[in-house]
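In case you want the letters, here they are:
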Amino acid sequence: MKKVSSILLMAILTLSGSIYSQTNQKNMTNREVVEKFLNGFNETEKIHESLALLAEDYHFKNPMVELKSKVEFIALAQEIGKVLTGVEVLHIAETNDWVAAMYIFKSSISGVESNVATEWFRLEDGIIQESHLIYDASEWRKIYASMEK
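About the criteria used
Residues numbered from 1 in each chain as written. Predicted model: local features only at pLDDT ≥ 70, side-chain atom pairs only at ≥ 80, totals over all residues. Heavy atoms only, no water. Salt bridge = Lys/Arg side-chain N within 4 Å of Asp/Glu carboxyl O. Buried < 20%, exposed > 50% of the residue type's maximum accessible area, 1.4 Å probe, protein only. Helix = DSSP H or I, 4+ residues; strand = E, 2+ residues; numbered from the N terminus. Core = buried A, V, L, I, M, F, W, Y, C linked by side-chain atoms within 4.5 Å. Contact = heavy atoms within 4.5 Å. Arc of directions from axis to C-beta. Phe/Tyr/Trp six-rings, centres within 6.5 Å; stacked < 30°, edge-to-face > 60°. Pairing = 2+ DSSP bridges.

Visitor: Any chance you could break down the pattern of salt bridges for me, citing the residues and the numbers?
Guide: Summed over the entire model, instances satisfying the criterion amount to 9 salt bridges. For Glu-124, the salt bridge identified is with Arg-122, shortest N-O distance 2.7 Å. By relative accessible area, Glu-124 is classed as partly exposed at 39%. Look at Arg-122 and you get partly exposed, because its relative accessible area is 21%. For the salt bridge of Lys-142 with Glu-139, the shortest nitrogen-to-oxygen distance reads 3.1 Å. Placement of the pair is Lys-142 and Glu-139 together in helix 5 (residues 138-148), with a separation of 3 residues, close to one helical turn. Ionic contacts of the salt-bridge type, sharing partners, join the residues Arg-122, Glu-124 and Glu-130 into one network.

As structure tokens, this is what we get:
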């Protein structure tokens, strides 16, 4: 009986934590959701919180890739996480369901240590549905081409 009580207590705590997280997220503005998402890339222990802000059918596009699910994005984030050293948010603007962010993403790769980008996010009910990342990818393409040889 004690084991059943422990399992029930864990289930209640997990469920209440999930409900709290969803309620807390619903109280955030779209701008705050995007800020939390981007800032999660600065702390590896918080990246799961960033990824929780994405819809399962999250659509992501940048100059080099187009992804159609959260699972695909997580795989990309794991690879990029190996060289990404931080994100510095410069400006954020919000209009209805859209949030535009201008930021610097930093990497440990020589030649592309600092990259200015803009990203447009579309949200529904506090969840990021899609984003379009815009940056000069010419140097990144050269790096990936040399890695493939």
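Still more to cover.
Visitor: I'd love a proper account of the nonpolar core, names of residues and values included.
Guide: Core analysis: the largest hydrophobic core is formed by 31 residues, its most contacted members being Phe-37, Leu-38, Phe-73, Tyr-103, Phe-105, Phe-121 and Ile-128. The residues contacting Ile-128, other than those within four sequence positions of it, are Val-33, Phe-37, Leu-53, Leu-54, Ala-55, Tyr-58, Phe-121, Arg-122 and Leu-123.

Visitor: With reference to specific residues and values, describe helix 4 (residues 70-80).
Guide: Buried within helix 4 are the following residues: Lys-70, Phe-73 and Ala-77. Buried residues along helix 4 cover an arc of 55° about the axis, so they all sit on one side. Exposed side of helix 4, more than 90 degrees from the buried face: Val-71 and Gln-78 are the residues found there. Those residues of helix 4 that are buried lie in contact with helix 2 (30-39), helix 3 (47-51), strand 1 (54-61) and strand 2 (66-67).

Visitor: Lay out the side chain of Lys-70 with the relevant residues and their values.
Guide: You can see Lys-70 is positioned in helix 4. On the basis of relative accessible area, Lys-70 is assigned to the buried category, the value being 12%. When near neighbours in sequence (up to four residues on either side) are disregarded, Lys-70 contacts Leu-51, Ala-52, Leu-54, Ala-55, Glu-56 and Tyr-58.

Visitor: Provide a residue-level description of unusual backbone geometry, including the pertinent values.
Guide: One non-glycine residue, Asn-96, lies in the positive phi region at around 55°. By secondary structure assignment, the location of Asn-96 is in the loop between strand 3 (84-95) and strand 4 (98-107). For Asn-96, a relative accessible area of 65% puts it in the exposed group. Non-glycine residue Asp-125 carries a positive phi angle of around 50°. Its place among the elements puts Asp-125 in the loop between strand 5 (114-124) and strand 6 (127-135). Judged by relative accessible area, which is 64%, Asp-125 ranks as exposed.

Visitor: Run through the packing of aromatic side chains, naming residues and quoting values.
Guide: Tallied over the full model, the rule gives 8 aromatic pairs. Measuring from centroid to centroid gives 5.2 Å for Phe-37 and Phe-41, while their planes differ by 80°, and the two rings are edge-to-face. A relative accessible area of 2% places Phe-37 in the buried class. Taken together through their ring pairs, the aromatic side chains of Phe-37, Phe-41, Tyr-58, Phe-60, Phe-73 and Phe-121 make up a single cluster.

Visitor: Describe in detail the pairing of strand 6, supporting the description with residues and values.
Guide: In the sheet, strand 1 pairs with strand 6 via 4 bridges, with the strands oriented parallel. By the bridge assignment, Phe-60 is partnered in strand 6 with Ser-131. With 8 bridges joining them, strand 5 and strand 6 adopt antiparallel strand pairing. Bridge assignment links Leu-123 to a residue of strand 6, and that residue is Ile-128. The hairpin turn running from strand 5 into strand 6, its antiparallel successor, is 2 residues long, and Asp-125 in that turn takes a positive phi close to 50°.

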